[in-house]
Structures are given as structure tokens and as C-alpha cells.
Amino acid sequence: MATRNVSVWKSVDWTIIVLYLILVVCGWFSVCGASYTYGEVDFFSFDSRAGKQLVWIGCSFGLGFILLMLEEKFYDAFAYVIYIGMILLLLVTIFIAPDTKGSRSWLVLGPVSLQPAEFAKFATALALAKFMNSYSFSIHKWKDALLLVLLVLLPMCLIIMQKETGSALVYIAFFLVLYREGMPGAILFMGVCAILYFILSVRYGEVCVGGMGVNAGELLVLSLIVVFACSMVWVYCKRSKVGFRFMGWCALVAGIGAAVSYWWHPFHLSYVLWGICAFLVIAFLYFSVARRSRNFALIALFIAGSAGFLYSSDYVFNKVLQPHQQVRIKVLLGMEEDLAGAGYNVNQSKIAIGSGGVFGKGFLNGTQTKLKYVPEQDTDFIFCTVGEEQGFVGASAVLLLYLAFILRLVVLSERQYDTFGRVYGYSVASIFLFHLFINVGMVLGLTPVIGIPLPFFSYGGSSLWGFTILLFIFLRIDASRGEQIQRSKRMPMS
Amino acid sequence: MARRYDFEERKYVIGGIAVLIVLVFIARLFVLQILTDDYKKYADSNAFLKRTQYPSRGVIYDRNGELLVYNQPAYDITFIPREIAGLDTLALCEALDISPAFFVERMKEVSNRRKNPGYSRYTHQVFMSQLSAEECGVFQEKLFKFPGFYIQRRTIRQYAYHAAAHVLGDIGEVSAREMEANEDGFYERGDFIGKQGVERFYEKELRGEKGVEVLLRDAHGRVQGRYMEGKLDKMPVVGKNITLGLDIQLQMLGERLMKNKIGSIVAIEPATGEILCMVSSPTFDPQLMVGRSRGKNHQHLEQDPKKPLLNRAIMGVYPPGSTFKTAQGLTFLQEGIIQPETQFPCHHGFVHAGLRVGCHAHSSPIGLVPAIATSCNSYFCWGLYRMMGMKKYGRPQVAMNKWRDYMVSMGFGYKLGVDLPGEKRGLIPNAEFYDKAYRGSWNGLTVISIAIGQGEVLLTPLQIANLGATIANRGYFITPHVAKSIEGGQVDSVYRQKRFTDASPENYEVIVQGMRDAVLGGTCRGANIEGIEVCGKTGTAQNRGHDHSAFMGFAPMNDPKIAIAVYVENGGFGAVYGVPIGALMMEQYLNGELSEASELKAEDISNRVIYYGNEER
């Protein structure tokens, strides 16, 4: 046993541990800054948030240590058990958790509250890794792919039922893992398309062009569909140039249509684009039969699907979404300014960060965060404190630390020998990336306000422990890979 | 399409996404933190509450140390729109004793950004201003019921005497125009500023310096403490007190005497130029310009056809009439056109080349001293006629401008520079003026009426009083001013320098003699006060309506303490109103009180009414 322990310390990836420690320490200082109020300087008292965070940090170090001590095989063996247990816990939470600000996601255990959703991430990652590592698994089998999606969707749905939509969205990150493991890139591309269509149709939905009150967003998206479809012909149909020829003709027809509508006889320009789309669908279906190519049919399906998405998303936005949700989206897209309402958080957050300047106001000298202008400043909006007190230099440094951390995780994942380790590693990297993207993006006013924590920075035991467990299980798996190498090196000598 | 089972290269896509995200974020940080400066400003206005500490305004005393204007606490009711919650409008109206309709109207007014550009849901908005302690008391008790409403203390002006409104002036909220001219950025919307009189002219001295408390304020507007332990705070500096040259008793007597008459009385201490009283009638109670009814009262006064807001002492321009003859005598003597012994004929007027200027009965021919005493028109017409035709000037134009120079040296034709806003310059014609009016063809006869203070000549009552002071001083005056001293210093040096006229002291002695004789046996007999050597000169200015009654004088003759001008519009002969009012004023000032007989006389004059009709004046 003693030799094995020594070898864990030798083979564990110290780069990640050092980065982890730096981030946690920076995070603690940020919590100090954010929770500091005038006249109160005792950061070590358990009554203050900084003091509590210190306790959580201590506990996570302990957790990390224990996780490294466990056998690597343990995680592989118990992956499903942990997953099922976590699903049950999520289910139970819905019913026994008290209602806090509308969400039922906190389990209260005496003086501490825990959020099971934070721990479900590593459980899902383990289950995913185990499932994809199984001998007969292939992502290209429909049954396996469906099961994979189910594995991800199950905790997601449960968390949505807890009214923690933000935490549930994190599971989208697993699609990046699936992509790495062979999911067709087209799916990822379609996801991007869907977001793009939605943003464009909403953003320019109220802009009119021409005399007939034609909706600019609609025109823009329809044109984009044509461009995408024709380009896809080139990519997926043996570099066929027919797509580009079509694109030229379409542009010509649309141009003539626009000219006629503008100078001669105004009519609804969308009709022209509908016609073009219909023509393309028929043409591609014809090609698919004539050339015996399934891809042409799929592209035709893409066109039809895109158009369908455009009009259904329009319907969803205007009819299904609540007015306050519509306002939130409009504020994010810069269509409305509602600094006192939906835009308040982000505006205050931008003010706090913007007032930091190059070098910041210095530790504990931020005024915006101290005076509680930014809501949730020590949890979701913690990055404001970094921006205000440490300035551009400090905030960029933190971002670069995260980048190094995530890229290192990618490197570690790639060096795993088996699918289990790689899938788990990518899950960890993707989850961190997603949190970073959404959280910092929201603070900077680039992504929607979705309440998810910034790993290691945001105040809170559950999220810190959740991320620590997530990370240290991977470190243990990675270290065992090293043990194998060590063993294989040592063997011949002994 | 070949299926690839090894997707290792996709690590670059995933790594690339991570790099891209972080780069976009850093670019965004760069834009927010380095490229734009706006957020810093927002942050400061967010977090720092600069609470202004208002200094108390300087108070105003009269020359004897009587307090004239002082401060009294008043209360503004303000509210922060965002903080109002569950307001019981009826209870509020009851507590403030206002009608619900007023409440609705007022709220509409406040939130109208065109009328109230400073409107914000997050800051104090004035709901009602300048309530007295009693008016505010009921509300204070119930304040807790109205979250979002506040009571703010401020001070308002109080007047110890209901007199001297024109001199003292008033204060009011800064207007949009004043805000634009606010180059030192002292004023903020809702601040008070001197609008008229001393309050306006000495605004900078009276207002003091504002202090500031830099406080830190959290997102809910709650004050969290002082910024840097108050190191950046500034204490307010109290405004300077001002002592006026005004004698409030004299002023009140003047206002009493001028009751129901339109006109003005100005008295000056010749040795110092201090204005002892400045009455403009009709006047108003300065207290009307204070408090909530200010706007209403101001409008009411503004619409009065008699224009009580006009300070006629410095803004009214009148033909000086015969009081002007003294200045003519001095000019002719100094220019050698006449000698003190020179006599001119007068047979009921100046008759020459078909022109006739009438005069009253007196012996003929007549010398300068009796001409002043009896106010002979003919004498001064001859003098001017001679001057305009004098060989030494060559042309009447040259003579005219020489004459103009004398008049200007005596303080006519330009603003004297009194320390009150709105002074008028009057009118002294020059050669160009007549060349334009008569296309160059004019002579002494054409302009003859200026010799007797008629025609084109126009003076303010202040300029007439200043003429009296100049004669009393035998040849110089000090720019008249109402402020005697400003706390911790003297008045401006321009109010201490002697301004000499072009006439020499010995010529002044002749004029003084004439004015003394006028009182002893001439037109000003009514100005004689027992035991005081009074000098005086009447004036009866012709105009379209009934003659204006004027008097200019000073006393005592050899140690002048007071120079005075009285002007009563349409009062008839100078002796009817001008002389008795002037005499009573001088008696009051020199003796400190009126004798019993004089008191009766004062009462009689005070009760006399001149009917002016309702036409605009």
C-alpha cells in the first residue's frame, strides 16, 4: 500500500493541482472582496461568507485527498450505482426540498444546505464514460445514441423540475464530449444554426424592409438557409459545385425580385424566398434519386427543417414565452434598454467591471460590489469583483488561468488509454468550459443571464465541492494511467 | 463517405472553442475597462452620494445695525418616486391640507420631463416647497405612514420691516437662463439665487460657499458611511453679512409719504455716497416674495398697471425740470459764459426771434443767485443760447458736445454704477443726436428747452439726488451705493473714490447760495426747517399730463449730511409735493424724528392721493 500511495503523488498531474489551488485561492479573495461590507474585516469568522468559504475550501481539500486515495477501479465499478443513486437523490429533492426563491433544489441538513444538482454532474459524467467504454458500444448505433441522450436528459429533466433551469442547461456541455467521441459535426452545426436563426429572427423581427412591411429577420434567415444548404452540398456531396451554381441563380432571382418590389410593383418579398427554398428542396430530392446520394435528401430535409424552425421559433417567442422572458431576450439582444428591470444586473455588472480600468481599484477597494449594486455579487456575479478590484490585468489573468486549466484537461484527456478516462476527462473539461462561457459571458453582457456559478470563485460549498469531486476523480483516473506506466517501467527491472 | 473512427483531431476544435471564448472575453474586457471611460463615471455617480451642505445666507442690516433681512427655517416636502409604496393619497392630502386634485396635478407636473427636466425615479423630487414649521408639523407626525416621502429643511428669507422691497430684492429658485449662465457651476436645480436688488447684486457675497459630504450609498440608496472617513468633505462657509447705508426709519417715512403717489425719493450721504433711502412708489411688501405664494404674488404685481415691481429710483427716467438749472449755472460759470454778477432780462419769459419760453413774475433783469432762487427760465435760456452761439466754439455742434461733457462729468447720461441691478442711464443729447434729429440745421434756440431740464433731457431720480450730493460736496461725488460695508471688508473701491466734475468749487458756492436763497425766500420756502440751513431747488417738469413735482436739496448747507431728490409723477408744482416731502425727509434724518407739526404734515401728505387712472405706466 505504501508504495502505491507514493506513486499516486508522483503520477498525479501537478500542473492541474497547482492551477486548481491558484484558482481556489483567487476565488477566496474574490469572495472576501465581494462579501466585504464597511466596518467588517474579520474574514476568518464563520459568521462571514469569507469565513464560511474558507471552511468549504478546507473540506474540498480533504475531499480531494480522499478521492485521490481511492482505487481507480472504484469509479469504474460504481459508475452506474453512483449515477442511479444521484438520480434518486434528484428525484427525492424535488419533493422534500424547501421552496427557496421558487426553486426546490436545496437539501437542508441542519446548518448546511446542499444542492444535489451540483453533484449530479460528475455522476452523469461517470455513467457516460462507463457506458461509452463498454465493449459493444458505438455512437453510430441508433440504440446506443438514444441511450446516451437519455443518460444526459434524465438528470437534466429532473433539475428542470427543481426549477433550476440554469444548472440543467450545463448538461448541454456533454454534447461537446459526444462530438469528440464521433457524433456527426452536422448536429453541432445545426445547434449553432438553430441559435443563429433564433437570434436573427428575434433581433431583426421588428425591422421592416421595403414597402410591404416585410420582416427583415425572416428574410435574413431564409437567405441564410439558402446559403448554408448550398454550401453543404459542397461539403457533403463529394465537393459538388452544383450548390454554388444554385446559389448564384438564387441570388439573381432574389435580386430581381427585390428590384421589382422596390421600383415597380411592391409585393411580399418573402414569397420569392419561399419559392427559392421550395425549388431547392425539390431539386435536391431529384439529385438524391438521380445520383443515389442520401446526403442530397438530408440537405433537402435541412432546408425544410430550418424553415420549420424559423416559423415555429417565431411562434414560440411571441406566443409561448412569458412577457418577462421576452424582455430578457430583447434586452440581451440590445433591442430594449431596461436598466431598472431586466437589464439591471448586467448593466450594474458592466459598470462595476468597466470602472475597474487597467489595474483595478485594489483589493477591498471596489465600490460597486461593496455597496451591493451588483446582485448575486459573491455567487453568480463574482467575476465583477475581479474586474472591478483587479482591473483588466487581473481579470484577463484569471481568464487565461482558466484557459490553461481547460486546455490542460483536454491534453490529459487525450493521453488516456481507454475510452472511460477520455470521456470522463472531456466531460470535466466541457463542464468547466460551459460554466466559464455562460457565467463570464453573462457578467460581461454577452450571454443570457443564466444563474450558474463560476467554478472555484462563486461562493458556496455545493458548487465548490461538486467541482472538486468532478476534477479529482479525473485526476485519480489520470494518475492510475501513470501508475500503469510506472508499473510497466518497473516490471522488467524487478 | 468514409467513416472515421478516430476523432482525435477534434481535440483541436474543442481546444479552439475554448481559446476563442477566452479571447472574445478578453476583448470584451478591453472594451469595457480600457476603451470606454463612461462606466467609471456611472460607477461614481452610482456609489458616491455628494450631499450638499447648504450655508446659511448672509443677513442684511441697515446703517444703524437694525436687522432687515434674516433667515428662518422652512420645510420642503420631497419624495423619491421609486420608494413610494402603498400610498394612501387621501391621508396624505389630509396631512398636508391639500385637495386630491392638487395632488394629482402636482404629481403630473413633477413627472413631466419637459417641465421638470431633472426628474428621475431615483432622486428626491420636490412635492411642496417652503412650508412653515406649523404647516409641516402635522405631516411630520404622520411621515412614517408615507414611505418615500421626506421632509427637507432649508432656510427662507424673512423681512423685519415691510419696507425697502426694491433695494433689498428677493431670492428665488434659479431659472433655466441662470442655470445656463452658471459658469462656476455653483448652482444646481432648485437652488436659490438673488433675483433683485441687493440680494442679486451681492449674490456672491451673501450666498457663502456650499459644503459637501461625500457619502457612500448602496444599491438601495441607503447611506453606508463616509467616504475615506470624511477626508474629502468640505464644510459650508456661511455667507457674508451686509450692512446697508440705508436708514430704515427714513425709508419707511419715505414710503409712507409716497403712499398713493407714483414717484421716487432718493437720499444720499454726500460725503460717502451711501444711499440713505431709496423709495420707489408704488412699492410692495418684500414678504410677498417669500414662500409658496411667491409665484402668485409676483404674477399679481407684474400685472399691476402701476408697475410696483419697477424700481423707479434707478429705472424711471424723467425730465429733471428746474432742478437741472443748477447744473446749467455751473456749466456757464465754468465756461466763462456768465459771471456770477451777469444779469439777463426776463419779462415773463425768454423771448427771442419769435421763440418764447414762459416764466413767472419776478424782477428783471436778474442775476444768477436770484435766478436760481426764483427758478427763472429766461436766465438759463439766455445762458444756453449764448453758449451755443459762442465764437470760441466755432459751431454749435462743438458747443453742444462741450455742454454734454459737463453733464456727463456730473453723472448724467450714463449709468452711475449703483450697486443694484437694472439701473437706467437716462438721456443727455449730444451734437450727433441733434444733427440726426434736425438734419444738421439747428442752433441754440432749437434746443433751448434742455437749459431748463425739459426737452430731450432725462434723468433718473438717483441722478438728481446725486446732483444734490455733488453740489453739497462743492464739486465731486462718490458713486452712490446701497451697501455700506460687507462683513470682513469694505465695499468695492469704486464706491470710495471721489469723482470730480468739470466745475470748480468756487462756482459751486454760487449755486449753493442760490439754493439757500430759494429756501429762504424763493420757490422752496416750504423746505425751511428750524435750526437747519437747508438748500433746495424745486422742479416742475412739464409732460403730456399734469406736471411732475420735483425737489432736489441738501442740508445742512456747510456740513452736508444728506442730499435728496424727490420726484412725484403728476404732482404739479415742485412746491406742492416735492418740497414738503423733501423737507420732512431731511428733518427725519437730521433730527432722528419729526416734530409734532411735521408729523401732522407728514400724515396729511401720506393721506393725499393722486389719481392716475388705469392706463399702463
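Before reading on, note that the structure itself is shown above.
Model, not experiment: these values are computed from the prediction.

Engineer: Explain the overall build of chain B to me, using residue names and the numbers behind them.
Structural biologist: On a plain count of helices and strands, chain B comes out with 21 helices and 20 strands. By the burial criterion, 53% of the 617 residues in chain B qualify as buried. Considering only contacts within chain B whose residues lie at least 6 apart along the sequence, 71% involve residues at least 24 apart. Just so you have it, chain B exposes about 27,900 Å², and 51% of that area is on carbon and sulfur atoms.

Engineer: An account of a nonpolar patch on the surface is requested, with residue identities and associated values reported.
Structural biologist: Residue and element names in this part refer to chain A. On the surface, Trp9, Trp14, Phe65, Ile66, Leu70, Phe74, Phe78 and Val81 cluster together into a nonpolar patch covering about 730 Å² of accessible area. Taken together, the elements giving at least two residues each to the nonpolar patch come down to helix H3 (49–69) and helix H4 (72–96). Here the nonpolar patch gets three residues from one element, more than from any other, and that element is H4. Its place among the elements puts Phe65 in helix H3. The partly exposed category is assigned to Phe65, whose relative accessible area is 45%.

Engineer: Give me the lowdown on the interface of chain B and chain A, citing residues and values where you can.
Structural biologist: Facing 36 residues of chain B, the contacting portion of chain A comprises 49 residues. Each partner contributes to the roughly 3,900 Å² buried at the junction of chain B and chain A, and carbon and sulfur atoms together form 74% of this total. When the buried area of chain B at its contact with chain A is split by residue, Ile14(B), Phe25(B) and Gln33(B) rank highest and sum to 18% of it. The tally of links between chain B and chain A comes to zero salt bridges. At the boundary of chain B with chain A, the tally comes to seven residue pairs in polar contact (both at pLDDT 80 or more). Contributing elements (two or more residues each) for the side of chain B that touches chain A: helix H1 (10–35), helix H2 (38–47) and strand E8 (211–217) of chain B.

Engineer: Account for the packing of aromatic side chains, with residues named and values stated.
Structural biologist: Enumeration according to the criterion identifies 56 aromatic pairs over all chains in this entry. On the basis of an interplanar angle of 40° and a centroid distance of 5.5 Å, the ring pair of Phe432(A) and Phe456(A) is categorised as tilted. With Phe432(A) in helix H17 (residues 419–443) and Phe456(A) in the loop between H17 and helix H18 (461–493), the pair connects residues that are 24 residues apart, well separated along the chain. Accessibility expressed as a relative area gives 2% for Phe456(A), which makes it buried. Between Tyr379(B) and Phe380(B), the aromatic rings sit 5.4 Å apart at their centres with planes inclined by 65°, giving edge-to-face as the arrangement. Look at Phe380(B) and you get buried, because its relative accessible area is 0%. Each member of the aromatic cluster is reached from another via a ring pair, and the members are Tyr20(A), Phe61(A), Phe405(A), Phe432(A), Phe456(A), Phe467(A) and Phe472(A). In this structure, Arg207(B) packs its charged tip against the face of Phe186(B), placed 3.7 Å from the ring centre.

Engineer: So what's going on with the sheet that holds strand E11 (residues 263–269) of chain B? Which residues, and what values?
Structural biologist: All names here are of chain B. An order of E12-E11-E20-E19-E18 is seen for the five strands of this open sheet, with the pairing classed as antiparallel. If you trace the sheet from one side to the other, it starts and ends with strand E12 (274–281) and strand E18 (535–541), each paired once. Averaged over neighbouring strand pairs, the angle between their axes works out to 5° when direction is ignored. With seven bridges joining them, E18 and strand E19 (residues 548–555) adopt antiparallel strand pairing. Looking at E19, one finds that Lys537 is bridged to Met552.

How each quantity is defined
Residues numbered from 1 in each chain as written. Chains lettered and ligands numbered in written order. Predicted model: local features only at pLDDT ≥ 70, side-chain atom pairs only at ≥ 80, totals over all residues. Heavy atoms only, no water. Helix = DSSP H or I, 4+ residues; strand = E, 2+ residues; numbered from the N terminus. Buried < 20%, exposed > 50% of the residue type's maximum accessible area, 1.4 Å probe, protein only. Contact = heavy atoms within 4.5 Å. Areas by Shrake-Rupley, 256 points an atom, 1.4 Å probe, with all protein chains shown as cover. Patch = residues over 30% accessible without salt bridge, like charges linked within 9 Å, V, L, I, M, F, W, Y side chains within 5 Å. Salt bridge = Lys/Arg side-chain N within 4 Å of Asp/Glu carboxyl O. Buried area = accessible area lost by both parts, 1.4 Å probe. Polar contact = N/O pair within 3.5 Å; in protein donor to acceptor, adjacent residues only side chain to side chain. Phe/Tyr/Trp six-rings, centres within 6.5 Å; stacked < 30°, edge-to-face > 60°. Lys NZ or Arg CZ within 6 Å of the ring centre and 35° of its normal. Pairing = 2+ DSSP bridges. Axes fitted to C-alpha atoms, helices over the stretch in contact; angles between N-to-C directions.

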